Each structure stands twice: as C-alpha cells, then as structure tokens.
Amino acid sequence: MTVPTDEQLKEVAEMYILNQYAPPGFTAYLYEEQDDPDDDTTCHIYSTEWPKPDEEALSSWEIVDTEIELVTVEERDDEAREWTVLVEALVTIRDREQEEDEDDEDDEEENEDLEPQSRSISVYVTSDSKGQLYVVDAEE
C-alpha cells in the first residue's frame, strides 16, 4: 500500500469542495415534505438541486463563489486508509428569493453586495485497494 502525501490529500479535498460540495453556480431548493410518514404532524424539510414544477420551494439559494483559504491535514490513519482534511473556505451565497423580489439590476452590482461566509469543512478521505483516493463525506 502506498501512503498518500499531505499534498495529495489536500488536492483531493480542495477539488471535492470546488467541484462537488460548494461549486460556484450550484443552486439548491428547499422543500417541505408533503407526506407525513410518522403521522405526527412534524415538518420534514429536504433540499434538491432541481426545482419541482408542481411545488413552490420554501427557499432557494445559489453559490456565487467559493474561495479556498487554507487546507490542512488534521488526522491521518495510514493503516486504516482514512484521513481527515480541514478546508477553510469563503463561500458567497445569494438568496434566490431576494433576487426575484428586487428589480432587475446588473449582476455585478448584486454580487458586490454579497458577503462571503467563512466555512470550516472537514473532508473525510479514504482509498481503495489500488490506492485511489476518494472522498466519503464532508461536513461543516
């Protein structure tokens, strides 16, 4: 088994954040579950990448920009082939509901008003028997 370097682990985690976890242009829609499987009148919320034509979303948002600030390997378990990489990123998010309510303005002006949010994201990396690295999970 080849042991990955810190640089390899950092690259996998960074690419995952930029391409899967918080890619610029990604839009999410939040919906309330219409069925009540527990029959207890609790509210179940879920998100999806695609708008539903037959339901109105509770809210929606778009990732405008993701800027990686720092990537560090936090934990290494080479024997178990499990690693935790911490990614510090600035993520700029636009609330799509506000966008629809406002007059049509230039996108650059809207983007200037948006504040990036600092995010600390733990990325869990593992490898298969051939040594190929992949991400199994990520959480803030």
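Along each chain, numbering runs from 1 in the same order as the chain's sequence is written. For a predicted model such as this one, the threshold for reporting local features is a pLDDT of at least 70, and the threshold for listing and counting side-chain atom pairs is 80 or more; totals across whole chains, interfaces and linings nevertheless cover every residue. With hydrogens and water excluded, all non-hydrogen atoms of the structure serve as input to the side-chain values.

Comments concerning the nonpolar core
Consideration 1: Definition of nonpolar core: a set of buried residues of the types Ala, Val, Leu, Ile, Met, Phe, Trp, Tyr and Cys, connected through side-chain atoms within 4.5 Å. Think of it in three bands: residues with accessible area under 20% of the maximum for their type are buried, residues over 50% are exposed, and the middle band is partly exposed, with areas taken using a 1.4 Å probe on protein chains only. In terms of nonpolar packing, the biggest core is built from 14 residues, with Leu9, Val85, Val87, Val123 and Val125 touching the most fellow members.
Consideration 2: Put simply, the parts of the chain that give this core at least two residues each are helix H1 (6-21), strand S3 (59-77), strand S4 (82-95), strand S5 (117-127) and strand S6 (133-139).
Consideration 3: Note on contacts: a residue pair is in contact if any heavy atoms of the two residues lie within 4.5 Å. Residues within four places of leucine 9 in sequence aside, it is in contact with Pro4, Val73, Arg76, Trp83, Val85, Val125 and Leu133. Helix and strand definitions follow DSSP, with helices as H or I runs of at least four residues and strands as E runs of at least two, each counted in order from the N terminus.

Side note on the pattern of salt bridges
Consideration 1: Each salt bridge in this description consists of a side-chain nitrogen of Lys or Arg and a carboxyl oxygen of Asp or Glu lying within 4 Å of one another. On inspection of all chains with the given rule, the structure shows five salt bridges.
Consideration 2: Among the salt bridges present, the one from glutamate 62 reaches arginine 94, with a minimum N-O distance of 3.0 Å. One end of the pair, glutamate 62, is in strand S3; the other, arginine 94, is in strand S4, and 32 residues separate them in sequence.
Consideration 3: On the basis of relative accessibility, which here comes to 16%, the residue glutamate 62 falls in the buried class.
Consideration 4: Residue arginine 76 is joined to aspartate 78 by a salt bridge in which the shortest nitrogen-to-oxygen separation is 3.1 Å.
Consideration 5: On the accessibility criterion, arginine 76 (36% relative accessible area) is partly exposed.
Consideration 6: Through salt bridges that share partners, Asp6, Arg76 and Asp78 make up one connected network.

As for unusual backbone geometry
Consideration 1: Residue arginine 81 is not a glycine yet carries a positive backbone phi of 55°.
Consideration 2: Topologically, arginine 81 is positioned in the loop between S3 and S4.

Some details on the sheet that holds strand S1 (residues 27-32)
Consideration 1: Pairing between two strands requires that DSSP report at least two bridges joining them. Taken in spatial order, the six strands line up as S2-S1-S3-S4-S5-S6 in an open sheet, and their pairing is antiparallel. This sheet does not close on itself; its edge strands, each paired only once, are strand S2 (45-48) and S6. Adjacent strand axes in the sheet meet at a mean angle of 40°, parallel and antiparallel pairs treated alike.
Consideration 2: Where S1 and S3 come together, four bridges link them in antiparallel fashion. Its bridge partner lying in S3, alanine 28 is registered against tryptophan 61.
Consideration 3: Helix axes use the C-alpha atoms of the stretch in contact, all axes being lines fitted to C-alpha atoms, and the angles between their N-to-C directions lie in the range 0 to 180 degrees. Packed on one face of the sheet, H1 meets S3, S4, S5 and S6 and runs near 165° to S3.

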